[in-house]
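Residues per chain are reported as follows:
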Amino acid sequence: MTAGLSRDQAERIADKSMERTERILVSCGRQELFVVTMEDAAYPNRLRNIYDPPVLLYGRGAMPLFDEEAAIAVVGTRKATPYGTHAAEELSYQMAREGALVVSGMAKGIDAAAHRGTLRAGGFTAAVLGGGVDVVYPESNRRLYEDIAATGVLLSEYAPGSEPEAWHFPARNRIISGLSIATLVVEAPERSGALITANTALEQGRDVFAVPGPIDAEESRGCNQLIRSGAGLVGCAWDILGEYESRFPHKLRRRGGKLPDLPEGAVEEVVPETAQTDALPTMTKEQQDGLTDDQLRVMQVLRTDQPLLTDEVAEQTELPVRRVLSALTVLEIDGFARQSGARCFVRTVELYQEEQ
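> In this structure, what is going on with the overall build of the chain? I would like to understand it.
Each helix and strand in the chain was counted, giving 14 helices and 12 strands. Looking at the 356 residues of the chain, the share that counts as buried comes to 51%. At a minimum sequence separation of 6, the contacts of the chain that also span at least 24 residues come to 72%. Summed over all atoms, the accessible surface of the chain reaches about 17700 Å², with 49% contributed by carbon and sulfur.

> Explain helix α13 (residues 310-317) to me, please; I cannot follow it from the model alone.
In an α-helix there are 3.6 residues to a turn, and that puts residues three or four apart on one side. Along α13, the positions that sit buried rather than exposed are T310, V313, A314 and T317. Projected onto a plane normal to the axis of α13, the buried residues spread over an arc of 100° and lie on a single side. Among the structural elements, α12 (293-301), β10 (308-309), α14 (321-333) and β12 (344-347) are those in contact with the buried residues of α13. E318 sits one or two residues past α13 and shows a positive phi near 60°.

> What is the right way to read the nonpolar core from this model?
If you look at soluble globular proteins, the nonpolar side chains tend to sit buried side by side. In this structure, L47, F66, V103, L179, V185 and L226 are the most contacted members of the largest nonpolar core, which totals 30 residues. Per-element tally for this core: the top contributor is helix α8 (residues 193-203), with four residues. If you look at the next biggest cluster of nonpolar residues, it comprises 26 residues, including I181, V186, V211 and L241.

> Is there a simple way to explain the packing of aromatic side chains in this structure?
We describe a pair of aromatic rings using the distance from one ring centre to the other and the angle between the two ring planes. Enumeration according to the criterion identifies two aromatic pairs in this entry. With centroids separated by 6.2 Å and ring planes inclined at 85°, the aromatic side chains of Y158 and W167 adopt a geometry described as edge-to-face. Note on W167: relative accessible area 57%, which makes it exposed. The positively charged end of R78 is found above the aromatic ring belonging to F169, 5.2 Å away from the centroid.

> Any chance you could explain the sheet that holds β10 here in plain terms?
Pairing between the strands of a sheet is mediated by backbone hydrogen bonds and can be parallel or antiparallel. Spatial strand order, β10-β12-β11: three strands in an open sheet with antiparallel pairing. Two strands close off the open sheet at either side, each with one partner strand: β10 and β11 (337-339). Pairing analysis gives two bridges linking β10 to β12, with the strands arranged antiparallel. Bridge pairing in β12 places L309 opposite C344. In this fold α14 packs onto β11 and β12, with an angle of close to 105° to the strand it touches most, β11.

> How do you make sense of the pairing of strand β3 (residues 71-75) when you look at a structure like this?
Along any regular strand, the residues point their side chains to alternate faces of the sheet. For β3, a buried count of five out of five residues is recorded, marking the element as mostly surrounded by other parts of the structure. Here β3 shows no split at all, with A71, A73 and V75 on one side and I72 and V74 on the other all buried. Relative to strand β4 (residues 101-104), β3 is paired through three bridges, and the arrangement is parallel. Following the sheet pairing, I72 is matched in β4 by V102. Regarding the hand of the β-α-β motif, the stretch spanning β3, helix α4 (residues 82-97) and β4 is right-handed. Sheet topology places β3 next to strand β7 (residues 182-185); four bridges connect them, and they run parallel. When the bridges of β7 are listed, V75 appears paired with V185.

> Just checking my understanding: could you explain the sheet that holds β3 for this structure?
Across the sheet, which stays open at both edges, the nine strands sit in the order β1-β2-β6-β5-β4-β3-β7-β8-β9 with mixed pairing between neighbours. This sheet does not close on itself; its edge strands, each paired only once, are β1 (34-37) and β9 (232-233). Direction of pairing for strand β2 (residues 56-61) relative to strand β6 (residues 153-156): antiparallel, over a ladder of four bridges. Following the sheet pairing, Y58 is matched in β6 by S156. Running over the sheet, helix α9 (residues 221-228) touches β7, β8 (207-210) and β9 and is turned about 130° from β8.

> Can you walk me through the packing of helix α7 (residues 168-178) against α8 in this structure?
The relative placement of two packed helices comes down to the angle between their axes together with the axis-to-axis distance. Two elements in contact, α7 and α8, have axes separated by 9 Å at closest approach and are oriented at 55°. As judged from the angle between their axes, α7 and α8 are oblique. α7 and α8 meet at a crossing whose hand is right-handed. Packed against α7, whose contacting residues are N173, R174 and S177, the element α8 presents G193, I196, T197, T200 and A201 at the interface. Looking at side-chain class alone, the contact of α7 with α8 contains two nonpolar, five polar and one charged residues.

Criteria and thresholds
Residues numbered from 1 in each chain as written. Predicted model: local features only at pLDDT ≥ 70, side-chain atom pairs only at ≥ 80, totals over all residues. Heavy atoms only, no water. Helix = DSSP H or I, 4+ residues; strand = E, 2+ residues; numbered from the N terminus. Buried < 20%, exposed > 50% of the residue type's maximum accessible area, 1.4 Å probe, protein only. Contact = heavy atoms within 4.5 Å. Areas by Shrake-Rupley, 256 points an atom, 1.4 Å probe, with all protein chains shown as cover. Arc of directions from axis to C-beta. Core = buried A, V, L, I, M, F, W, Y, C linked by side-chain atoms within 4.5 Å. Phe/Tyr/Trp six-rings, centres within 6.5 Å; stacked < 30°, edge-to-face > 60°. Lys NZ or Arg CZ within 6 Å of the ring centre and 35° of its normal. Pairing = 2+ DSSP bridges. Axes fitted to C-alpha atoms, helices over the stretch in contact; angles between N-to-C directions. Right-handed = clockwise from strand over helix to strand, strands pointing away. Parallel < 35°, antiparallel > 145°, perpendicular 65-115°, else oblique. Left-handed = near helix turned anticlockwise from the far one by under 90°. Nonpolar A, V, L, I, M, F, W, Y, C, P; charged D, E, K, R; others polar.

Structure below.
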């Protein structure tokens, strides 16, 4: 036996079989997953330079050039309060509108709210998973998983098919912070995985920010402690992004704006056309002004009385299909559009019209 190694470890090192590797690559090809190794140009230097970087990453979606992005990690408790959920969604929405890329872990609570806010702004979000990139966890986040796969990227160091294990999540936290220039903790008790991520970020030489909470709120004690220890206090997205404006002048731009409310009466679920008898709500000026150019062009093309295929929307807007799908994903999340059959969409609200 080799000194310092168990028999099992020595046998695994001595095993030169490529059978499992080939099986994994076949699975990736079948599911349209990609693999990025440390030798690839697409592997982020930010991640390569941390302690114990992952040897490779499996992914679904589009791999961004993280080293060129103002990527901000947003983390917090799974047992989020309404205050924490709103703060995470609002701040992520603002950061995405102002040019940041949002990284989180797609867990319940704060993670999910961060991804939703980014998607609602039409931004790019990356989810680092605690299982294989083909495994949806938790199941309640399936729709979120599909939306991120369509418009962002899902990443994991674990092979396809790997079920989430409790010890995976602390390990994946180093990737979340390692891909980012800073970590924002929105809501976290004194004992929280989010604080592990914050400490890991500090060890990696990254900045840490936190959202303050009520002094008697158990869920905010971790955040308040971080601020007391020197973390940046955050009340709006620019409290973070302003620190990096000079570093990413081509990416970051102060725009402000609030997360738009869902239109009253709008629905996200598919309902039979015969049930659509009531007058449609009208978007407010603020809601319409909050749309991106792509989203507005798609809204102007969509009809309320007849579903359009995504290809038809792309043809009429003269936008690439991928950008149309991204816009439709956000519009559906916001309740401004809904799916009506396979790859068909209708508008669920009337557009705002300036009074003459």
